[in-house]
Amino acid sequence: MEVGQPEAPGAVDRDRRGAGRARIGADRLHAALGIPSLRARIARHYVERHAMAMDPGRIVVTTGSSAGFILAFLALFEPGDRVAVASPGYPPYRHILTALAASRS
């Protein structure tokens, strides 16, 4: 993917489609919750480091904090919930809550 217009749209699109087909054909796409082997290793780390059993099914690996916040907010809040947000604070909190139809106070 690219921001803005690619320099050579035809070539980039062909390359991107070919790469996508290769990954699908190679079974290299993983569930949106993260690569299963990485989630299992994180669970094992909790046992080794903290003596705390963790089900890999309860572990989610995201590409960044904003994706993690969205998942956490989806798990915690319902539409119409009132949520206290510090000011100043991390701006995406407000945007995520607005998208989830929760109000901020």
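Fair warning: this is a prediction, and the values are worked out from it, not measured in the lab. (Residues numbered from 1 in each chain as written. Predicted model: local features only at pLDDT ≥ 70, side-chain atom pairs only at ≥ 80, totals over all residues. Heavy atoms only, no water.)

J.: Pulling in residues and values, what's your account of the overall build of the chain?
T.: Looking only at helices and strands, the chain features four helices and two strands. Counted from the first residue to the last, the chain has its helices and strands arranged as α-α-α-β-α-β. Sorting the 105 residues of the chain into buried and exposed places 10% on the buried side. The long-range fraction of contacts in the chain, counting pairs at least 24 apart against all pairs at least 6 apart in sequence, stands at 24%. Summed over all atoms, the accessible surface of the chain reaches about 8,200 Å², with 58% contributed by carbon and sulfur. (Helix = DSSP H or I, 4+ residues; strand = E, 2+ residues; numbered from the N terminus. Buried < 20%, exposed > 50% of the residue type's maximum accessible area, 1.4 Å probe, protein only. Contact = heavy atoms within 4.5 Å. Areas by Shrake-Rupley, 256 points an atom, 1.4 Å probe, with all protein chains shown as cover.)

J.: How would you sum up the packing of aromatic side chains? Please name residues and give values.
T.: One pass over the full model with this rule turns up six aromatic pairs. Each ring, one from F69 and one from Y93, has its centre 5.0 Å from the other, and the planes form 80 degrees; the classification is edge-to-face. Linking F69 in helix α3 (residues 65-76) with Y93 in helix α4 (residues 91-99), this pair joins segments that are 24 residues apart in sequence. The partly exposed category is assigned to F69, whose relative accessible area is 23%. (Phe/Tyr/Trp six-rings, centres within 6.5 Å; stacked < 30°, edge-to-face > 60°.)

J.: Tell me what's going on with unusual backbone geometry, and back it up with residues and numbers.
T.: Following S87, the chain continues into P88 via a peptide bond in cis, with omega recorded as 0 degrees. By secondary structure assignment, the location of P88 is in the loop between β1 (82-83) and α4. Positive phi is not limited to glycine here, since A51 has a value of about 50 degrees. As for its placement among the helices and strands, A51 is situated in the loop between α2 (36-50) and α3. Judged by its relative accessible area of 71%, A51 is exposed.

Shape descriptors only; they carry no functional weight alone.
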